[in-house]
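# Chains, contacts and geometry: an overview
Letter by letter, the chains look like this.
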Amino acid sequence: MNPVLGRRPRILAATTATAGLLLVAGCSSGGGGGKSTTADGVPLVKAGQLTTCTHLPYPPFQSEKDGKYEGFDVSLIDLVAKDLGVKQDIVDTPFENFKTGAFLNSEQCDLAAAGMTITPERAKNVDFSDPYFDATQAVLVDKKSGIGSFADLKGKKVGAQAQTTGEEYAKSKGLDPVSFESSDAVLNGLRTGQVQAVVIDYPVVQGWLKDKANADAFKVVDNLNTGEQYGFTVKKGNTKLTAAINKAIKDAKADGTYKKLYEKWIGPYDAAAASASPSAS
């Protein structure tokens, strides 16, 4: 999902909000590049909390429900915060800033978690954690569209989320996708007939199809193995926080917590450490 910079095409919908979780005190003040540090010397931009930038909504990785934030990314970063003895606070931010690391450099956030694909280009501006999720891109279509595979998308109205690798992949294959600001807007575009198909991360489609109305109307006709892996990002040079994130991911995989969270938010767990789900028909 990670944002890619460049000219933004036709934006049909937008969702912008800023919100946070309850804050708790508990950090000593100090240096380390932030305004405070944990007992282990991990720099934090605000005392007593681990501040996460994301872009909502993007279920099953992060979304808001009944005033609370939830999802696979949220749960994993909660583990990091617990290890540091603080609580996670989530800030909703525009996609464009993820690649540049603007919110990290300005110390608005400690890290970014938004289903972001690790790429060498993005790693020039931010530091990535170890990969925590393997992903594919899915082609979801209206059952009445007559589309049977990615190859059938030529000449069709195709939707994608703006600034994402799904959009970039579609463009690289010669398509001119209609860009939507959020994953919810992508689905709405398909539902209302603005587009006949969408290219977006498979786990997102999985979540959509849990709803019977969506499953009755739409189907996955292709699953594109693009070799993507997701990672969390921190400000360049923030080695202590990177190490803390990597430790939490490693520990969660070792003690079964990762598997439990994967099954809760994503679906059936792949023994190969959450590799993408098999192609759907």
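In what follows, the structure referred to is the one given above.
If you're wondering where the values come from, they're calculated on a predicted model, not measured in any experiment.

Definitions and cut-offs
- Residues numbered from 1 in each chain as written.
- Predicted model: local features only at pLDDT ≥ 70, side-chain atom pairs only at ≥ 80, totals over all residues.
- Heavy atoms only, no water.
- Disulfide = S-S within 2.5 Å.
- Helix = DSSP H or I, 4+ residues; strand = E, 2+ residues; numbered from the N terminus.
- Buried < 20%, exposed > 50% of the residue type's maximum accessible area, 1.4 Å probe, protein only.
- Contact = heavy atoms within 4.5 Å.
- Pairing = 2+ DSSP bridges.
- Phe/Tyr/Trp six-rings, centres within 6.5 Å; stacked < 30°, edge-to-face > 60°.

## Thoughts on the state of the cysteines
Here the structure, examined in full by the defined rule, presents one disulfide. The disulfide partner of Cys 53 is Cys 109, and the S-S distance across this bridge is 2.0 Å. Taking the sign of the S-S torsion, about 70° here, the bridge from Cys 53 to Cys 109 comes out right-handed. Taken as a pair, Cys 53 in strand 4 (residues 49–54) and Cys 109 in the loop between helix 3 (102–105) and strand 8 (111–112) lie far apart in primary sequence, 56 residues in all.

## Considering helix 4 (residues 165–172)
For helix 4, the complete set of buried residues consists of Thr 165, Gly 166, Glu 167 and Ala 170. The inward-facing, buried residues of helix 4 abut strand 10 (133–142), strand 11 (158–161), strand 12 (178–180), strand 13 (197–201) and strand 14 (218–230). Looking one or two places after helix 4, you find Gly 174, whose phi comes out positive at around 90°.

## Brief notes about the pairing of strand 4
With six of six residues buried, strand 4 lies mostly within the body of the structure. Of the two faces of strand 4, the one holding Gln 49, Thr 51 and Cys 53 and the one holding Leu 50, Thr 52 and Thr 54 are both buried throughout. Where strand 4 lies against strand 8, two bridges are found, and the strand directions are parallel. Its bridge partner being in strand 8, Thr 52 is matched across the sheet by Leu 111.

## What about the packing of aromatic side chains?
Evaluated as defined, the whole model comprises 14 aromatic pairs. Between the aromatic rings of Phe 72 and Phe 133, the centroid separation amounts to 6.2 Å while the plane-to-plane angle is 65°, which identifies the pairing as edge-to-face. Remark: Phe 133 occurs in strand 10 and Phe 72 occurs in helix 1 (residues 72–84); sequence separation between them is 61 residues. Neither Phe 72 nor Phe 133 differs from the other in exposure class; each is buried.

Take it as geometry only, folks, not as evidence of what the structure does.
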